[in-house]
Amino acid sequence: SDGFGLLRLPTRIHFGNGAASAIAPLARELGRRVFVCCDPFLAETPQFERTCEELRDSGAVLQVWTEVEPELPVDSVQRAADAASVWGPELIIGFGGGSALDLAKLVALLRSHGGRLSDYYGENAVPGPITPVIAVPTTAGTGSEVTPVAVVSDPGRDLKVGISSPHLIPRFAVVDPTLTHGAPAAVTAHAGVDAFVHAIESYTAAVRAPEWTDQLPVFVGQNRLAGLLAEEAITVIAANLVRAVTDPDDDAARTEMAYGSLLAGMAFGSAGTHLSHAIQYPIGALTKTPHGLGTGLLLPHVLRGCRPDIDPALRRIGTLLGVSETGSDRALGAIRRIEQIVADIGIPASLAELGVRAEDLPDISARAAGISRLAGNVAAARPIERIPGIVTAAWR
Ligand code: NAD
């Protein structure tokens, strides 16, 4: 990817312990009528109450929507969008995990352009700018605060579907790591490993857009600008993920994870991800297991299966991870180190442990290949011929 790079980001990113106090002044720049999407658990916390108070003190009028359902079923998004269209907000705030942030982005999309969510599935189907969004993550994982993506589950399609467009990038991102400090170990693990997968897959995605064209794909594959962010994300997450999961009082590690997941989101929002994401979608639909658990389980197998294509990138990852082996052994050392981190946070070692049966494997591979072929998905290019071998290796 020498000489090629692309970053599309929020116009401002506030990062740091206490950054939540920037929400009210930022909101004031965008308007007074505010629709807030907040996860029901977070809505009861003092941090959220303080934010609402600061917004009201600065002259805002709020409608707070707390019906954020996990995995974001399309009809739940439509209900929120209907409520917002009656209320007529000038801006939308998403406060919560990736589900609340994605909901805020989709409510803003439907408010601005109408229609149904399925009109926008895939890549670059959003016709223009959307109502501005301020994204405030409370998990360290999805990076949704900076990405051009929102993910929904569509029962009609039996899978999760992505909507990807530069117009979905939040206007402002406010990342206050203290908001993540109370998250339970399972949420910290599943969200945190998802960020690790974003960082590593964005660094090993194929180059998809070496030529400049009128409309670039949303995800352009591995590139220099994204690579810089991914390298820092890989280093920071590898050093802090296990500590953040195993010691709930290690606030320093959680703050580092919020930083790492922000960088990983910036990297994958440009480069895209690849086969761990493509293969997780059908597995998540079949086993009803969290996204991060599946992508984390799959990652070492995907890296092994794709090693012929990504050896130089894997060696560089080995250097970042302080792997002692040299030459091509460093690539293997990197995969082993990644596998160890994933195991240390309690991610199961095989798809069989998630309840996947041998007879499910061909269907999983076929669906994952279909997702990989879809341009608009978070899955950027990697050879789909490798999928069946990877799925079999991950199942054993
Ligand atoms: P989530 O938003 O679904 O939340 C998971 C659980 O964690 C919820 O029960 C929530 O109440 C709880 N929670 C959140 N913050 C907490 C905190 N600080 N303390 C205690 N509990 C807390 O989980 P997530 O992993 O953040 O997001 C997953 C969703 O994001 C999925 O739908 C996934 O598809 C999507 N996603 C989006 C992108 C993107 O770029 N838009 C990227 C990856 C994943």
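Quick notes on the rules
- Residues numbered from 1 in each chain as written.
- Predicted model: local features only at pLDDT ≥ 70, side-chain atom pairs only at ≥ 80, totals over all residues.
- Heavy atoms only, no water.
- Near = heavy atom within 4 Å.
- Polar contact = N/O pair within 3.5 Å; in protein donor to acceptor, adjacent residues only side chain to side chain.
- Areas by Shrake-Rupley, 256 points an atom, 1.4 Å probe, with all protein chains shown as cover.
- Helix = DSSP H or I, 4+ residues; strand = E, 2+ residues; numbered from the N terminus.
- Nonpolar A, V, L, I, M, F, W, Y, C, P; charged D, E, K, R; others polar.
- Expected span 1.5 Å × (residues − 1).
- Buried < 20%, exposed > 50% of the residue type's maximum accessible area, 1.4 Å probe, protein only.
- Patch = residues over 30% accessible without salt bridge, like charges linked within 9 Å, V, L, I, M, F, W, Y side chains within 5 Å.
- Salt bridge = Lys/Arg side-chain N within 4 Å of Asp/Glu carboxyl O.
- Pairing = 2+ DSSP bridges.
- Axes fitted to C-alpha atoms, helices over the stretch in contact; angles between N-to-C directions.
- Contact = heavy atoms within 4.5 Å.
- Phe/Tyr/Trp six-rings, centres within 6.5 Å; stacked < 30°, edge-to-face > 60°.
- Lys NZ or Arg CZ within 6 Å of the ring centre and 35° of its normal.
- Core = buried A, V, L, I, M, F, W, Y, C linked by side-chain atoms within 4.5 Å.
- Domains from an automatic or database assignment.
- Lys, Arg positive; Asp, Glu negative; His and termini not counted.
- Parallel < 35°, antiparallel > 145°, perpendicular 65-115°, else oblique.
- Left-handed = near helix turned anticlockwise from the far one by under 90°.

## Re the site of the ligand
- Close to the ligand lie 25 residues, the nearest being Gly98, Ser99, Asp102, Thr139 and Thr147.
- For the ligand, a nitrogen atom lies 2.8 Å from a polar atom in the side chain of Thr138.
- For the ligand, a nitrogen atom lies 3.3 Å from a polar atom in the side chain of Ser144.
- Considering the ligand on its own, with 860 Å² of exposed area, one finds that the protein chains cover 83% of that surface.
- Put simply, the parts of the chain that give the shell around the ligand at least two residues each are helix H2 (40-43), helix H5 (98-113), strand S7 (149-154) and helix H6 (185-204).
- Here the element with the most residues in the shell around the ligand is H5; it accounts for 4 residues.
- Looking at the shell around the ligand residue by residue, the class counts come to 9 nonpolar, 11 polar and 5 charged.

## Let's talk about H6
- For H6, built from 20 residues, the straight-helix expectation of 28 Å at 1.5 Å per residue is met to within 8% by its first-to-last C-alpha distance of 28 Å.
- Burial analysis of H6 places 16 of its 20 residues in the buried class, the great majority of the element.

## Some remarks on a nonpolar patch on the surface
- Nonpolar side chains collect at one region of the surface, where Leu7, Leu9, Ile13, Phe15 and Leu225 lie side by side and expose about 350 Å² of accessible area between them.
- Here Leu9 shows up in the segment before strand S1 (12-15).
- What makes Leu9 partly exposed here is its relative accessible area of 31%.

## Side note on the sheet that holds strand S3 (residues 61-65)
- Taken in spatial order, the 6 strands make up an open sheet running S1-S9-S6-S4-S2-S3, and their pairing is parallel. Each edge of the open sheet carries a strand with a single partner, namely S1 and S3. Along the sheet, successive strands turn relative to each other by an average axial angle of 15 degrees, direction set aside.
- Across 5 bridges, strand S2 (residues 33-38) lies against S3 in parallel orientation. Residue pairing in the sheet places Cys37 in a bridge with Trp65 of S3.
- This element, helix H8 (residues 251-271), spans S1 and strand S9 (172-175) of the sheet and lies at about 160 degrees to S1.

## Here's the deal with the packing of aromatic side chains
- Taken as a whole and judged by the stated rule, the model has 5 aromatic pairs.
- When the centroid spacing of 5.0 Å and the interplanar angle of 65 degrees are considered together, the rings of Phe48 and Phe95 count as edge-to-face. Separated by 47 residues along the polypeptide, Phe48 in helix H3 (residues 46-57) and Phe95 in strand S4 (residues 91-96) bring together distant segments of the chain.
- What makes Phe48 buried here is its relative accessible area of 5%.
- With a relative accessible area of 1%, Phe95 lands in the buried category.
- When the ring of Phe219 is compared with that of Phe268, the centres are 6.4 Å apart and the planes differ by 15 degrees; the resulting orientation is stacked. With Phe219 in the loop between H6 and helix H7 (224-246) and Phe268 in helix H8, this residue pair connects regions lying 49 residues apart in the sequence.
- Here the guanidinium or amino end of Arg33 rests over the ring plane of Trp87, the centre of that ring lying 4.1 Å away.

## Details of the pattern of salt bridges
- Using the criterion set out here, one finds 14 salt bridges in the structure.
- With a closest N to O distance of 2.9 Å, Arg304 and Glu339 form a salt bridge. Pair noted here: Arg304 is in helix H10 (residues 291-305) and Glu339 is in helix H12 (residues 329-344), with a separation of 35 residues, a long-range link.
- When its relative accessible area of 28% is taken as the criterion, Glu339 is described as partly exposed.
- Between Arg367 and Asp363 there is a salt bridge whose closest N-O contact spans 3.1 Å. Linking Arg367 with Asp363, this pair stays in helix H13 (residues 361-373), spanning 4 residues, or about one helical turn.
- On the basis of relative accessibility, which here comes to 43%, the residue Asp363 falls in the partly exposed class.
- One salt-bridge network, held together by shared partners, links Glu67, Glu69 and Arg79.

## Describing the sheet that holds S7
- What the 3 strands build is an open sheet, ordered S5-S8-S7; its pairing is mixed. Each edge of the sheet is formed by a strand with only one pairing partner; in this case those strands are strand S5 (122-123) and S7.
- Bridging between S7 and strand S8 (residues 159-164) involves 6 bridges; their strand directions are antiparallel. For Ser153, the partnering residue across the bridge sits in S8 and is Lys160.
- Seen against the sheet, H5 touches S7 and S8 and runs at an angle of roughly 90 degrees to S7.

## Looking at the nonpolar core
- Core analysis: the largest hydrophobic core is formed by 66 residues, its most contacted members being Ile279, Ile317, Ile338 and Leu351.
- The element best represented in this core is H7, accounting for 10 residues.
- Looking at which domains feed residues into this core, each of domain 1 (19-175) and domain 2 (185-395) gives three or more.
- Excluding its chain neighbours within four sequence positions, the residues that come into contact with Ile317 are Ile200, Tyr203, Thr204, Ile234, Ala334 and Ile338.
- Judged by nonpolar contacts, the second largest core, of 32 residues, contains Ala84, Ala100, Ala104 and Val152.

## Some points on the side chain of Asp194
- Looking at the element boundaries, Asp194 is found in helix H6.
- For the buried Asp194, which has no salt bridge, the nearest side chain bearing the opposite charge is Lys160, at an N-O separation of 8.3 Å.

## Quick notes on the packing of H6 against H7
- Axis separation between H6 and H7 bottoms out at 9 Å; the angle between their running directions is 155 degrees. In terms of their interaxial angle, H6 and H7 are classed as roughly antiparallel. Crossing of H6 over H7 shows left-handed handedness. On H7, the residues touching Ala185, Thr188, Ala189, Gly192, Val193, Ala195, Phe196, Ala199, Ile200, Ser202 and Tyr203 of H6 are Gly227, Ala230, Glu231, Ala233, Ile234, Ile237, Ala238, Leu241, Ala244 and Val245.
- Tallied by class, the residues present in the contact of H6 with H7 amount to 16 nonpolar, 4 polar and 1 charged.

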